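Coordinates in review
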Amino acid sequence: ASEPEGPVAAQWLAAQQARHGARTDADTVALVQAQRASVLGVWEVAEPEPGVGVSVRNRLVTPQGTEELDHETYVYETDASHDLDPGRFVLAYVMRLDDVHVFAGLHDALLESPEIDAVLAAVAPGDSLQTLRQQWAAAAERHYDRLDVELARERDNAGEHDAGEHDALKSQTGLMP
């Protein structure tokens, strides 16, 4: 038997079509095809609309070029739009279906400068998804380290101390078991 090719969703769709042929639901086919064509990006939040969605710009240069770079896209996202502030960055797939864009996979760690600059400098067009994820996780770790130092400095100035805050932040974002 040969190895399956393509994304898992595309493999599933091919198996469904082989099993059910023309009876495959057209909406399911459209959804899987849209997910397969989704764009992985490092999306900069331009303007959030809490509870509705967010305008984002892709900052990741892809092997296909930069036609999507800096182009503003409105993504409908009712939950995460509450936490996405302007100038923050998300690692996500954006899927387009019937001229509506939605996140189709969103990393739970949000980044900002200077950490995002290191990610963008370290990832070249053509690098693997694993490389991008590793760079993102390392940058998230640096981000939480920086926040921990800032928090400790503020608490020192106020005469307060709370050990473990950094670990709690990492645990909430899945960076720590």
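Scope of this entry: the structure provided in the associated data block. If you're wondering where the values come from, they're calculated on a predicted model, not measured in any experiment.

**As for the environment of D98**
If you trace the backbone, D98 turns up in the loop between β4 (89–97) and β5 (100–106). In sequence terms D98 and A34 are 64 residues apart; their C-alpha atoms lie 9.2 Å from each other.

**Details of the packing of helix α3 (residues 115–122) against helix α4 (residues 129–158)**
Interhelical geometry of α3 versus α4 gives an angle of 160° and a closest axis separation of 9 Å. By the angle between their directions, the pair α3 and α4 is classed as roughly antiparallel. Here α3 and α4 pass one another in a crossing that is right-handed. Contacts between α3 and α4 involve E115, I116, A118, V119 and A122 from the first element and L132, Q135, W136, A139, R142, H143 and R146 from the second. Across the contact of α3 with α4, the residue classes break down as 7 nonpolar, 2 polar and 3 charged.

**With respect to the nonpolar core**
Ranked by internal contacts, the top residues of the largest apolar core, which has 15 residues, are V42, L91, L111, I116, V119, L132 and W136. Of all the elements in the fold, those that place two or more residues in this core are β1 (39–49), β4, α3 and α4. Here this core takes 5 residues from α4, the largest share from any one element. The residues touching L132, leaving out its near neighbours within four places in the chain, are L40, V42, L60, L91, V119 and V123. Counting residues in hydrophobic clusters, the runner-up holds 12 residues, among them W43, V54, V75 and L110.

The rules behind each value
- Residues numbered from 1 in each chain as written.
- Predicted model: local features only at pLDDT ≥ 70, side-chain atom pairs only at ≥ 80, totals over all residues.
- Heavy atoms only, no water.
- Helix = DSSP H or I, 4+ residues; strand = E, 2+ residues; numbered from the N terminus.
- Axes fitted to C-alpha atoms, helices over the stretch in contact; angles between N-to-C directions.
- Parallel < 35°, antiparallel > 145°, perpendicular 65-115°, else oblique.
- Left-handed = near helix turned anticlockwise from the far one by under 90°.
- Contact = heavy atoms within 4.5 Å.
- Nonpolar A, V, L, I, M, F, W, Y, C, P; charged D, E, K, R; others polar.
- Core = buried A, V, L, I, M, F, W, Y, C linked by side-chain atoms within 4.5 Å.
- Buried < 20%, exposed > 50% of the residue type's maximum accessible area, 1.4 Å probe, protein only.

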